[in-house]
Amino acid sequence: LERQLLMQNQMRERQTAMQIAWTREFLRYFGTFFGLATIGLTAGAIKKKNPGVLLPVVPLSFIFAYQYDMGYGTLLQRIKGEAENILDTQSTLLELPKGSLTYEDLEKIRRSQSKFFIEK
């Protein structure tokens, strides 16, 4: 059991590392897009003398900030803290509808889905 727990923890850590690495890679591409879009929209706003052209920069900046926080900031620590808070203080939110699944429930489902099962 201890080996299985260690293996599951290693898999979880590797998946989390992959998610962070993916976010950092995405941030490189999105950061380039965001920079070019900001420069282009600023130039367009100056050329047309219309500051409304800069409006798309606002949602793009929120996306950029979120991705940066996910890849290099403290977002994962804040998510972990909130998850621990939910586990400690709001555990009723985690209950499954109709309670936990039991072996008997699984058997009922299996029997109802089986075309060849004959009830005796």
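The name an unreviewed UniProt entry gives the protein chain is PLRKT protein, with Nyctibius grandis as the organism.

Colleague: I keep staring at the overall build of the protein chain and nothing clicks. Help me out?
Modeller: When its secondary structure is counted, the protein chain shows 4 helices and 0 strands. The N-to-C order of helical and strand elements in the protein chain reads α-α-α-α. A compact globule built from 120 residues would reach a C-alpha radius of gyration of about 14 Å, whereas the protein chain, at 25 Å, exceeds it by more than 25%. Dimensions along the principal axes, computed over C-alpha positions, put the protein chain at roughly 80 × 40 × 30 Å. Burial statistics for the protein chain: of 120 residues in total, 13% are counted as buried. The long-range fraction of contacts in the protein chain, counting pairs at least 24 apart against all pairs at least 6 apart in sequence, stands at 52%. Of the roughly 10600 Å² of accessible surface on the protein chain, a fraction of 63% belongs to carbon and sulfur atoms. Here the protein chain holds 16 positive side-chain charges and 12 negative ones, and the gap between their average locations is 12 Å.

Colleague: Help me understand the pattern of salt bridges in this model?
Modeller: Once their charged atoms are close, side chains differing in charge can pair, the charge on each being opposite to the other. Overall, the coordinates contain 3 salt bridges when judged by the stated rule. Close ionic contact of Asp-69 with Arg-78 constitutes a salt bridge, the shortest N to O distance being 2.4 Å. Judged by relative accessible area, Asp-69 falls into the buried class, the value being 17%. One salt bridge connects Glu-107 with Arg-110, and the closest N-O pair in it is separated by 2.7 Å. Here Glu-107 pairs with Arg-110, and both are found in helix 4 (residues 103-113), just 3 residues apart, close to one helical turn.

Colleague: How should I be thinking about the packing of helix 1 (residues 2-48) against helix 2 (residues 57-72) in this particular structure?
Modeller: Pairs of packed helices are described in terms of their axes, by the angle between the two and the distance that separates them. At a minimum axis distance of 9 Å, the contact between helix 1 and helix 2 shows a crossing angle of 155°. One element, helix 1, and the other, helix 2, form an angle in the roughly antiparallel class. Pair helix 1 / helix 2 crosses with left-handed handedness. Considering only residue class, the contact of helix 1 with helix 2 consists of 15 nonpolar, 7 polar and 2 charged.

Conventions adopted
- In every chain, residue numbers begin from 1 and rise along the written sequence.
- Confidence filtering applies because this is a predicted model: local features only for residues at pLDDT of at least 70, side-chain atom pairs given and counted only at 80 or more, and all residues used for totals across whole chains, interfaces and linings.
- Based on all heavy atoms of the structure, the side-chain values leave hydrogens and waters out of the count.
- Only DSSP runs of H or I with at least four residues qualify as helices, and only runs of E with at least two residues qualify as strands; both kinds are numbered from the N terminus onward.
- Just to be clear, the radius of gyration here is over C-alpha atoms, and the globule rule we use is 2.2 Å times residues to the power 0.38.
- Only protein chains enter the accessibility calculation, which uses a 1.4 Å probe. A residue is then buried if its area is under 20% of the maximum for its type, exposed if over 50%, and partly exposed in between.
- The contact criterion used throughout is that any non-hydrogen atoms of two residues lie within 4.5 Å.
- Accessible surface area values rest on a Shrake-Rupley calculation with a 1.4 Å probe, where residue burial reflects the displayed protein chains alone.
- The sign given to each residue is positive for Lys and Arg and negative for Asp and Glu; His and the chain ends receive no count.
- A charged residue contributes its charge at one atom only: NZ of Lys, CZ of Arg, CG of Asp or CD of Glu.
- A pairing counts as a salt bridge when a side-chain nitrogen of Lys or Arg comes within 4 Å of a carboxyl oxygen of Asp or Glu.
- For every element, the axis is a line fit to its C-alpha atoms; helices are fit only across the contacting stretch, and the angle between N-to-C directions ranges from 0 to 180 degrees.
- Roughly parallel covers angles under 35 degrees, roughly antiparallel covers those over 145, roughly perpendicular covers 65 to 115, and oblique covers all other angles.
- By the definition used in this description, the sense in which the near helix is turned from the far one sets the handedness, with an anticlockwise turn below a right angle giving left-handed and a clockwise turn giving right-handed.
- The nonpolar class holds Ala, Val, Leu, Ile, Met, Phe, Trp, Tyr, Cys and Pro. Asp, Glu, Lys and Arg form the charged class, and all remaining residues, Gly among them, are polar.

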